[in-house]
Amino acid sequence: VILTRRKIRLKRIKTFGTVAFFFVFALCFLFSYSYYQGAEISEIILNGEKVYTDAEVLEAAKLKPGMNMLTIREKKVNKDVTTMLPFISQIGVDYKLPDILALNIVSTKENLILKCDKKYICVDDTGKVVSDKKKKLTEGMFLVQGMTEQEYTIGEDFVVSEENAERYKIA
């Protein structure tokens, strides 16, 4: 009699444990699924210096309202924006739950103008080519004259040729 009662009690505990496990598992699944589905972006806020229009920044970042907030990675957004828009040096992503995404924009500061024959190449403080249009010198900027013409790409690091290395190093 005692053995059968123990067997019945163990069987009830196993059954209850199994049911409780599946119940907890189902609840976790439902909560995570509803959270994942409910994380759609309703508004994107751009903070910082406005060098480009909001539409240009959002297009470069490949972001739009209605996207799932949980699938957005700051590293990828930063890489996409800084390669497409050379006047932005960094972009940060802040998640303002439940449905607002804030982008913090840090624009580049031109601090060096290289005069190569008849072209002007503007370089920021990280060594990235920002533009090739003639700019007025402002406070904190340097002009390097007498450099020879060389290849460059806007938005990428300025690679110095051997004949320009000494002047660039001094600047």
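For the structure, check the block above.
Residues numbered from 1 in each chain as written. Predicted model: local features only at pLDDT ≥ 70, side-chain atom pairs only at ≥ 80, totals over all residues. Heavy atoms only, no water.

Before going further, it helps to examine helix 3 (residues 74-84). Buried residues of helix 3: V77, D80, V81 and T82, and no others. Residues of helix 3 that are buried sit in contact with helix 2 (54-61) and strand 2 (88-96). (Buried < 20%, exposed > 50% of the residue type's maximum accessible area, 1.4 Å probe, protein only. Helix = DSSP H or I, 4+ residues; strand = E, 2+ residues; numbered from the N terminus. Contact = heavy atoms within 4.5 Å.)

A grouping of F23, V24, L27 and F31 is seen on the molecular surface, where their side chains present a nonpolar patch of about 420 Å² in accessible area. Checked against the element boundaries, F23 lands in helix 1 (residues 2-37). Residue F23 is classed as exposed on the basis of its relative accessible area, which comes to 55%. (Patch = residues over 30% accessible without salt bridge, like charges linked within 9 Å, V, L, I, M, F, W, Y side chains within 5 Å. Areas by Shrake-Rupley, 256 points an atom, 1.4 Å probe, with all protein chains shown as cover. Salt bridge = Lys/Arg side-chain N within 4 Å of Asp/Glu carboxyl O.)

This next bit is on the sheet that holds strand 6 (residues 129-131). Sheet architecture is open: four strands sit in the order 6-5-4-7, paired in mixed fashion. Each of the sheet's edge strands pairs with one partner strand only, and the pair in question is strand 6 and strand 7 (142-147). Averaged over all pairs of adjacent strands, the angle between strand axes in this sheet comes to 35°, irrespective of strand direction. Pairing analysis gives six bridges linking strand 4 (residues 110-116) to strand 5 (residues 119-124), with the strands arranged antiparallel. Pairing of E110 across the sheet is with D124, part of strand 5. (Pairing = 2+ DSSP bridges. Axes fitted to C-alpha atoms, helices over the stretch in contact; angles between N-to-C directions.)

Before going further, it helps to examine the sheet that holds strand 2. Pairing is mixed in the open sheet, where three strands are placed in the order 1-3-2. Pairing within the sheet leaves two strands with one partner each, and these edge strands are strand 1 (43-48) and strand 2. Looking at each pair of strands side by side, their axes are set apart by 20° on average, direction ignored. Looking at chain direction, strand 1 and strand 3 (residues 100-107) are connected through six bridges and run parallel. Its bridge partner lying in strand 3, L46 is registered against L103. Here helix 2 sits on the sheet in contact with strand 1, strand 2 and strand 3, set at roughly 110° to strand 1.

Further remarks concern the pairing of strand 2. Relative to strand 3, strand 2 runs antiparallel, the two sharing eight bridges. Residue pairing in the sheet places I91 in a bridge with I105 of strand 3. Between the end of strand 2 and the start of strand 3, which pair antiparallel, lie three residues.

This part covers the environment of I121. Along the polypeptide, I121 turns up in strand 5. Taking the relative accessible area as the measure of exposure, I121 reaches 0% and is therefore buried. Residues I121 and Y152, 31 residues apart in the sequence, show an inter-C-alpha distance of 8.9 Å. With residues near it in sequence (within four places) discarded, I121 still touches L112, I113, L114, C116, V129, S131, D132, Y152 and F158.

V57, L63, V77, V81, L101 and L103 are the most contacted members of the largest nonpolar core, which totals 21 residues. For this core, the secondary-structure elements that each account for two or more residues are strand 1, helix 2, helix 3, strand 2 and strand 3. For L103, the residues in contact, after removing those within four places along its chain, are I44, I45, L46, N47, L58, L63, I91, G92 and V93. Listed in part, the 10 residues of the second largest apolar core include L112, V123, V129 and F158. (Core = buried A, V, L, I, M, F, W, Y, C linked by side-chain atoms within 4.5 Å.)

Moving on to empty space enclosed by the protein. Following the criterion strictly, the structure yields one cavity of 30 Å³ or more and no others. Empty space within the largest cavity amounts to approximately 30 Å³. L46, E49, K50, V51, Y52, D54, V57, I88 and I105 are the residues that line the largest cavity. For the lining of the largest cavity, a count of residues per class yields six nonpolar, no polar and three charged. (1 Å grid on protein atoms, 1.4 Å probe; cavity = no way out; pocket = protein on both sides within 12 Å on 5 of 7 lines; lining within 4 Å. Points joined across faces, edges and corners; volume = space filled by probe spheres on them. Nonpolar A, V, L, I, M, F, W, Y, C, P; charged D, E, K, R; others polar.)

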